[in-house]
Amino acid sequence: MLCPLICDQVKRQLKWFLGGGASILVAIQFANPARTNPPVTPGRGFLASNAPPPEVAAILRDACYDCHSDETRWPWYSRVAPVSWFVANHVKDGRRHLNFSDWPNGESLREVQKLRHIRGQVSSGKRPLPSYTWIHTSARLSADQRDRLPARRRQPGPRRRR
């Protein structure tokens, strides 16, 4: 009858499909991106130059530093493709936009702009990303923790004309 023939054919196709999929997953493990942490220059980072209270430093390390510093703690899943591609690209983009290890010390205007941007992103709930806090529960920030993050204002002075 027709059912045993169709069932055998479906089983055969399913075996080929699963076998091919497993082969592809194994093969892509050899194409993992580099997971690097460039050397950190002492005294150049945000925590070294600003010395925030210990609880603020802990918040920044838990919620920000893995993507936005050269001190990334690479988790086990960052070694498994294709997730490794997402994680490495995310860290690369995060460092490009904001790197706490390369803080603009002595450049007060740039520093103020970065702090305002950080404060805005965190207070609006855009950061840390949900894809990060889903796995890293310690990075989920309460309203109190969000309020503790640094927010410096420019010193009053003469206004610039536009």
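The model shown is predicted, which means the values in this text are computed figures rather than measured ones.

### Some words on the overall build of the chain
The helix and strand inventory of the chain stands at 7 helices and 0 strands. By the compact-globule yardstick of 15 Å for 162 residues, the chain is too spread out, its C-alpha radius of gyration being 23 Å. Taking the principal axes of its C-alpha atoms as reference, the chain extends roughly 90 × 40 × 35 Å. The buried share among the 162 residues of the chain stands at 31%. Expressed as a percentage of contacts within the chain between residues at least 6 apart in sequence, the contacts between residues at least 24 apart total 69%. With an accessible surface of roughly 11,500 Å², the chain has 59% of that area assigned to carbon and sulfur atoms. Charge separation in the chain, taken as the distance between the mean sites of 27 positive and 12 negative side-chain charges, equals 6 Å.

### Observations regarding a nonpolar patch on the surface
Nonpolar side chains collect at one region of the surface, where Leu-14, Phe-17 and Leu-18 lie side by side and expose about 340 Å² of accessible area between them. Position of Phe-17 among the secondary structure elements: in helix H1 (residues 2–28).

### Some words on unusual backbone geometry
Following Ala-81, the chain continues to Pro-82 via a peptide bond in cis, the omega torsion being 5°. Positionally, Pro-82 belongs in the loop between helix H3 (54–63) and helix H4 (83–97). Backbone torsion omega between Arg-127 and Pro-128 reads -15°, so that peptide bond is classified as cis. Looking at the secondary structure, you find Pro-128 in the loop between helix H5 (108–123) and helix H6 (130–133). One non-glycine residue with positive phi stands out, namely Ala-51, at about 45°. Following the sequence through the fold, Ala-51 ends up in the loop between helix H2 (46–50) and H3. Judged by its relative accessible area of 60%, Ala-51 is exposed.

### Re the nonpolar core
If you look at the biggest cluster of nonpolar residues, it comprises 20 residues, and the most contacted ones within it are Phe-46, Leu-60, Phe-100, Trp-103 and Leu-149. Of all the secondary-structure elements, those providing two or more residues to this core are H2, H3 and H5. Sorting elements by how many residues they give to this core places H3 first, with 5 residues.

### So, the state of the cysteines
Here the structure, examined in full by the defined rule, presents 0 disulfides. Cysteine Cys-67 shares no disulfide, and the gap to the nearest cysteine sulfur, in Cys-64, comes to 9.0 Å. The exposure class assigned to Cys-67 is buried, which follows from its relative accessible area of 11%.

### Focus: the packing of aromatic side chains
Enumeration according to the criterion identifies 5 aromatic pairs in this entry. Here Tyr-65 and Phe-100 contribute two aromatic rings whose centre-to-centre distance is 5.2 Å and whose plane-to-plane angle is 10°, an arrangement assigned as stacked. Of this pair, Tyr-65 sits in the loop between H3 and H4 while Phe-100 sits in the loop between H4 and H5, and the two are 35 residues apart along the sequence. Here the two residues Tyr-65 and Phe-100 agree in accessibility, since each one is buried. Three or more aromatic residues joined by ring pairs make a cluster, and in this case those are Phe-46, Tyr-65, Phe-100 and Trp-103.

Definitions and cut-offs
Residues numbered from 1 in each chain as written. Predicted model: local features only at pLDDT ≥ 70, side-chain atom pairs only at ≥ 80, totals over all residues. Heavy atoms only, no water. Helix = DSSP H or I, 4+ residues; strand = E, 2+ residues; numbered from the N terminus. Rg over C-alpha atoms; globule rule 2.2 N^0.38 Å. Buried < 20%, exposed > 50% of the residue type's maximum accessible area, 1.4 Å probe, protein only. Contact = heavy atoms within 4.5 Å. Areas by Shrake-Rupley, 256 points an atom, 1.4 Å probe, with all protein chains shown as cover. Lys, Arg positive; Asp, Glu negative; His and termini not counted. Charge placed at Lys NZ, Arg CZ, Asp CG, Glu CD. Patch = residues over 30% accessible without salt bridge, like charges linked within 9 Å, V, L, I, M, F, W, Y side chains within 5 Å. Salt bridge = Lys/Arg side-chain N within 4 Å of Asp/Glu carboxyl O. Core = buried A, V, L, I, M, F, W, Y, C linked by side-chain atoms within 4.5 Å. Disulfide = S-S within 2.5 Å. Phe/Tyr/Trp six-rings, centres within 6.5 Å; stacked < 30°, edge-to-face > 60°.

Fair warning: the whole summary comes from geometry, so function is off the table for now.
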